[in-house]
Amino acid sequence: MTKPQLLIDTDPGVDDALAILMAHAHADVAGLSIAAGNVGLGHTVRNARTLVDLLDAATPIFAGCATPLVRAPEEDAAFVHGQDGFGDVGFASPRAMPADEPAALALLRLTRERPGELTLVALAPLTNLALALRIDPSLPERVARLVIMGGAVTGHGNTGKVPAEFNIGFDPEAAHVVFEAFPQFELVDWEATLRHAFDDAEFEGWLKAGDQRAKFYDSIVGTARAYNLTHGRQGVIAADALAMAVAIDPSIVTRREKRAVSVELDGRLTRGATVVDWAGRLGRPINADIVLEVDQARFAAMVRRALGVVV
């Protein structure tokens, strides 16, 4: 079977790390475009370099936007991921170096070189994609699929703004640009990731049974797991990994709904919320294929392989 061809926009990030391990285990990765989000751009670029070293891969890394398009961010996620985004382990300086090409330009170039071949997997705030779209609005015509990890489709978000999810809430203007520009995208929202969390004990067994990738992931995930445990979140939540599973194998989806989805930009309490027209009242074009359920056993198998667990 031909491997999926992926182009990944990411802000590593503990859960991004697991998704990137999955991508390299199951697919060919054309590049990593890096945004600020979970932590600042200096850390997210360095973390991408650390992952490329771990995987001994030739995956190019493209540094992107250090800030949202319009407003300064109200929060990052260092309190979940650690101040450096990788659990504050203190890894040695990585060998892999980022390319000179900015991320937005790399997204445009790679899709021009391989039109219709690449699935674009957006695991970060959508700043890099929005900037690329402002430079070249024809980008959607060259992308095979766009899979976005973001949003909270019934308003159960994970930010200071109650309905908002982090990736969308970090740069709502960028999300608005992307949602308006792409006629069709697949949306894996925060609420779906909560429904597909892994049992703690089972996941712990995978970390013990895996290879150097599992040991690495075990070393960085502690801060995030401790945060979730003390904030009422059950199990190991692998948000970006779920989106990556959908990107790698769309047949893993067992329930989905197609709806028009927009981003709230102005609300005092709701800025960054994903607004889903569930009843079709607004007459807007249906742009989002919302992933509601996946085959959990197949998802787990994909994660185990990424961690080097031999079955």
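Everything that follows concerns the structure shown earlier in this document.
Calculation criteria
Residues numbered from 1 in each chain as written. Predicted model: local features only at pLDDT ≥ 70, side-chain atom pairs only at ≥ 80, totals over all residues. Heavy atoms only, no water. Helix = DSSP H or I, 4+ residues; strand = E, 2+ residues; numbered from the N terminus. Buried < 20%, exposed > 50% of the residue type's maximum accessible area, 1.4 Å probe, protein only. Contact = heavy atoms within 4.5 Å. Axes fitted to C-alpha atoms, helices over the stretch in contact; angles between N-to-C directions. Nonpolar A, V, L, I, M, F, W, Y, C, P; charged D, E, K, R; others polar. 1 Å grid on protein atoms, 1.4 Å probe; cavity = no way out; pocket = protein on both sides within 12 Å on 5 of 7 lines; lining within 4 Å. Points joined across faces, edges and corners; volume = space filled by probe spheres on them. Patch = residues over 30% accessible without salt bridge, like charges linked within 9 Å, V, L, I, M, F, W, Y side chains within 5 Å. Areas by Shrake-Rupley, 256 points an atom, 1.4 Å probe, with all protein chains shown as cover. Salt bridge = Lys/Arg side-chain N within 4 Å of Asp/Glu carboxyl O. Pairing = 2+ DSSP bridges.

Trainee: In this structure, what is going on with the environment of threonine 223? I would like to understand it.
Mentor: Structurally, threonine 223 can be placed in helix 11 (residues 212–230). Taking the relative accessible area as the measure of exposure, threonine 223 reaches 29% and is therefore partly exposed. The spacing of threonine 223 and phenylalanine 86 is 137 residues in sequence and 8.6 Å in space, taken between C-alpha atoms. Excluding residues within four positions of it along the chain, threonine 223 makes contact with Phe79, Val80, His81, Gly82 and Gly87.

Trainee: Can you walk me through the packing of helix 10 (residues 200–209) against helix 11 in this structure?
Mentor: Describing two packed helices takes the angle between their axes plus the distance from one axis to the other. Viewed as axis vectors pointing N to C, helix 10 and helix 11 meet at an angle of 145°, and their least axial separation amounts to 9 Å. Two secondary-structure elements touch here, helix 10 through Asp200, Phe203, Glu204, Trp206 and Leu207 and helix 11 through Ala214, Tyr217, Asp218 and Arg225. Looking at side-chain class alone, the contact of helix 10 with helix 11 contains five nonpolar, no polar and four charged residues.

Trainee: Explanation requested: empty space enclosed by the protein in the structure shown.
Mentor: Take a probe with the size of a water molecule and roll it over the atoms, and the empty space left behind shows itself. Enumeration over the complete set of coordinates arrives at one cavity of 30 Å³ or more. Its volume calculated, the largest cavity comes out at about 30 Å³. Every residue along the wall of the largest cavity is listed here: Ala260, Val261, Ser262, Val275, Asp277, Leu282 and Arg284. Tallied by class, residues from the lining of the largest cavity come to four nonpolar, one polar and two charged.

Trainee: Just checking my understanding: could you explain a nonpolar patch on the surface for this structure?
Mentor: Together, Leu69, Val70, Leu105, Leu131 and Ile135 line one region of the surface with nonpolar side chains, adding up to about 410 Å² of accessible area. Residue leucine 69 is classed as partly exposed on the basis of its relative accessible area, which comes to 35%.

Trainee: Which parts of the structure should I look at to understand the sheet that holds strand 4 (residues 119–122)?
Mentor: In a beta sheet, neighbouring strands are held together by backbone hydrogen bonds and run either parallel or antiparallel to one another. The eight strands lie next to each other as 3-2-1-4-5-6-10-7, forming an open sheet whose pairing is mixed. If you trace the sheet from one side to the other, it starts and ends with strand 3 (61–63) and strand 7 (253–259), each paired once. Taken over all neighbouring pairs, the strand axes of this sheet differ in orientation by 25° on average, direction set aside. Packing against the sheet, helix 4 (residues 103–113) makes contact with strand 1 (5–10), strand 2 (28–34), strand 3 and strand 4, and its axis sits at approximately 135° to strand 3.

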